[in-house]
Amino acid sequence: MATTPGLLTDWPWKPLGSFKYVILAPWMVKSLYDYMIANANEKDATAVFIFPFMLMRMLGNQMWISFSRYKTAKGENRILDKTIEFEQVDRERDWDDQIILNGLLYYMAYYYFEEVKNLPLWRLDGVIIVILLHIGLVEFLYYWLHRLLHHHFLYTRYHSHHHSSVVTEPITCTYIYFLLFSSIPSLYLYIYLIYISVY
């Protein structure tokens, strides 16, 4: 944990432990129910695809984590001559919480914004917008928010936890920044929704 834990350093569903995925159950059930009872010409699978996409993202993250730990254990190309310790593994075990948060945000956006209904699976202008947003806005915000976390007040409450991981891996930077870094990927969705509603 951080040197002096600050507000929102823990996820709200931390007391649920391994049962934290139950938070998504009502949304998944509602999306399946809405899809099954809709008329044939009104069926919209957008909300049904949210959970499988989250699972694919979790699988991708787990593959990168496993590959990173394998490379660290193998010992080639290490930055430091240390191997990963169980304390660090335990400290970083909640890497999937940001995916749960994004899933909740996507479900809420689907049921709140009418423009999200019947989204196409592929849209070239959407891909271009997401790339431009990532290169311009998201990387800019990520850099400056990270610099801000090195201020003494924020460092002791939030960021010192990140720097306590001696062996860096893909998830070393994603497990503690509750509202800060987890919400940045959600900017894609909301700006894309605004774009769709305008055009």
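The rules behind these values
- Residues numbered from 1 in each chain as written.
- Predicted model: local features only at pLDDT ≥ 70, side-chain atom pairs only at ≥ 80, totals over all residues.
- Heavy atoms only, no water.
- Helix = DSSP H or I, 4+ residues; strand = E, 2+ residues; numbered from the N terminus.
- Expected span 1.5 Å × (residues − 1).
- Bend = angle between axes of the 7 residues up to and from the residue.
- Buried < 20%, exposed > 50% of the residue type's maximum accessible area, 1.4 Å probe, protein only.
- Axes fitted to C-alpha atoms, helices over the stretch in contact; angles between N-to-C directions.
- Left-handed = near helix turned anticlockwise from the far one by under 90°.
- Contact = heavy atoms within 4.5 Å.
- Nonpolar A, V, L, I, M, F, W, Y, C, P; charged D, E, K, R; others polar.

As named in an unreviewed UniProt entry, the chain is Fatty acid hydroxylase domain-containing protein, taken from Centaurea solstitialis.

(A) A look at helix H5 (residues 124–149). Relative to the 38 Å expected for 26 residues at 1.5 Å per residue, H5 spans 35 Å between its end C-alpha atoms, a close match to the ideal helical length. The sharpest bend along H5 comes to roughly 40 degrees, located at histidine 134. Considered for burial, the residues of H5 that qualify are Gly126, Ile129, Leu133, Val138 and Leu149.

(B) Region of the structure containing the packing of helix H1 (residues 25–37) against helix H2 (residues 46–74). Following both chains from N to C, one finds H1 and H2 inclined at 140 degrees, their axes separated by 8 Å at the closest point. Regarding H1 and H2, the two cross each other, and that crossing is left-handed. Along the contact surface, H1 presents Met28, Ser31, Leu32 and Tyr35, while H2 presents Ala47, Val48 and Phe51. Across the contact of H1 with H2, the residue classes tally to six nonpolar, one polar and no charged.

(C) Here's a closer look at the side chain of serine 31. Tracing the chain through its elements places serine 31 in helix H1. Classification of serine 31 as buried rests on a relative accessible area of 4%. The residues contacting serine 31, other than those within four sequence positions of it, are Ala47, Val48, Tyr107 and Tyr111.

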